[in-house]
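# Chains, contacts and geometry: an overview
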Amino acid sequence: LPILRLRGDYLAIVTLGFGEIIRIMLRSDLLTPLTAGPRGVRDIGGPTLFGQPFESDVHFMYLIVIAMLIIMFITHRLQNSRTGRAWVSIREDEVAAKATGVNTFQSKLLALAIGAAFAGLGGALFASRNQFTGPEDHVLMVSINVLCIVIVGGMGSIPGVILGSIVLKGLPEMLRELDIYRLMVF
């Protein structure tokens, strides 16, 4: 809650810092009874629908696509709502948004909560697919990759973020055949 008073780059840097602090805490002995420490959480069960488990990669792909479509629908509806317009006004000029009556603290808190819910859904899919999650799955570079995807795709653009993820995550996989030249082309 205290960091919601920060703006712009400072908010992003402190958020990345908090993520790194949590990862370091997960590796410590302090939370070992809850998170198994550096060994991570093992034997995570996969999702089921009407008693039918998702076992194959194809089934998980369908589940991921469905989750992605639901999130895109919710995000599109939010963008075109009063809440979405408040978020845009805060992004463009927080002082002007506050002057026009937007409760910036409440709007930022709602954005944080919705973003955390979407991240939680993605994390649950990730952990259930791998049947394991540990501190090394959530290093700083993962957060930086997500930030790069948003920057390449364009902030506030759903199709742009999808295109950014295809370019930054799909392109290296397509270039895997060129092993030596892959990073240069990327």
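Summarised in this report is the structure supplied together with it. Just so you know, these numbers come straight off a predicted model, no measurement behind them. (Residues numbered from 1 in each chain as written. Predicted model: local features only at pLDDT ≥ 70, side-chain atom pairs only at ≥ 80, totals over all residues. Heavy atoms only, no water.)

### Topic: the nonpolar core
- One finds Phe54, Phe60, Leu63, Ala67 and Leu125 forming the largest nonpolar core, which totals five residues.
- Considering each element in turn, this core owes the most residues, three residues, to helix H3 (residues 57-79).
- Residues within four places of Phe54 in sequence aside, it is in contact with Pro47, Thr48, Leu49, His59, Phe60 and Leu63. (Core = buried A, V, L, I, M, F, W, Y, C linked by side-chain atoms within 4.5 Å. Buried < 20%, exposed > 50% of the residue type's maximum accessible area, 1.4 Å probe, protein only. Helix = DSSP H or I, 4+ residues; strand = E, 2+ residues; numbered from the N terminus. Contact = heavy atoms within 4.5 Å.)

### Re helix H6 (residues 104-130)
- Taking 1.5 Å per residue as the helical rise, H6 with its 27 residues ought to reach 39 Å, and the 38 Å between its terminal C-alpha atoms agrees with that figure.
- Turning to H6, its buried residues number three or more, namely Thr104, Ser107, Lys108, Leu125, Ala127 and Ser128.
- The elements touched by buried residues of H6 are H3, helix H4 (82-92), helix H5 (94-99) and strand S4 (132-133).
- Backbone geometry just after H6 places Gln131 at a positive phi near 55°. (Expected span 1.5 Å × (residues − 1).)

### Comments concerning a nonpolar patch on the surface
- On the surface, a nonpolar cluster with roughly 610 Å² of combined accessible area is contributed by Val58, Tyr62, Ile66, Ile70, Phe73 and Ile74.
- Among the secondary structure elements, Phe73 is positioned in helix H3. (Patch = residues over 30% accessible without salt bridge, like charges linked within 9 Å, V, L, I, M, F, W, Y side chains within 5 Å. Areas by Shrake-Rupley, 256 points an atom, 1.4 Å probe, with all protein chains shown as cover. Salt bridge = Lys/Arg side-chain N within 4 Å of Asp/Glu carboxyl O.)

### Notes on the pattern of salt bridges
- Under the counting rule described, the total for this entry stands at four salt bridges.
- Here Arg91 and Glu92 are joined by a salt bridge, their closest N and O atoms 3.3 Å apart.
- Judged by its relative accessible area of 43%, Arg91 falls in the partly exposed class.
- A relative accessible area of 57% places Glu92 in the exposed class.
- Among the ionic pairs, Lys108 bridges to Glu94, the shortest N-O distance being 3.2 Å. Of this pair, Lys108 sits in helix H6 while Glu94 sits in helix H5, and the two are 14 residues apart along the sequence.

### Quick look at the packing of aromatic side chains
- Scanning the model with the defined rule gives zero aromatic pairs in all.
- The cationic tip of Arg129 hangs over the ring face of Phe60; the distance from NZ or CZ to the ring centre is 5.4 Å. (Phe/Tyr/Trp six-rings, centres within 6.5 Å; stacked < 30°, edge-to-face > 60°. Lys NZ or Arg CZ within 6 Å of the ring centre and 35° of its normal.)

### Brief notes about the environment of Leu4
- Structurally, Leu4 is set in the segment before helix H1 (8-27).
- Taking the C-alpha atoms as reference points, Leu4 and Ile21, separated by 17 residues in sequence, lie 18 Å from one another.
- Residues contacting Leu4, with those up to four places away along its chain left out, are Phe105, Lys108, Leu109 and Leu112.

### Digging into unusual backbone geometry
- The phi dihedral of Asp43 is positive, around 55°, even though this residue is not glycine.
- By the element assignment, Asp43 lies in the loop between strand S1 (41-42) and strand S2 (48-49).
- Judged by its relative accessible area of 75%, Asp43 falls in the exposed class.
- Positioned with a positive phi, Gln131 is a non-glycine residue whose angle comes to about 55°.

### Description of the environment of Val102
- Relative to the helices and strands, Val102 is located in the loop between H5 and H6.
- With near-sequence residues (within four places) excluded, Val102 lies in contact with Ala86, Ser89, Ile90, Ala97 and Ser107.

### Overview of the packing of helix H7 (residues 140-153) against helix H8 (residues 158-174)
- Close contact between H7 and H8 brings their axes to 7 Å; oriented N to C, the two are set at 125°. By the angle class used here, H7 and H8 are oblique. Note on packing geometry: the crossing formed by H7 with H8 is right-handed. Side by side, H7 and H8 meet where Asn145, Cys148, Ile149, Val150, Val152 and Gly153 of the first sit next to Gly160, Val161, Gly164, Ser165, Leu168 and Lys169 of the second.
- Here the contact of H7 with H8 is composed, by residue class, of six nonpolar, five polar and one charged. (Axes fitted to C-alpha atoms, helices over the stretch in contact; angles between N-to-C directions. Parallel < 35°, antiparallel > 145°, perpendicular 65-115°, else oblique. Left-handed = near helix turned anticlockwise from the far one by under 90°. Nonpolar A, V, L, I, M, F, W, Y, C, P; charged D, E, K, R; others polar.)

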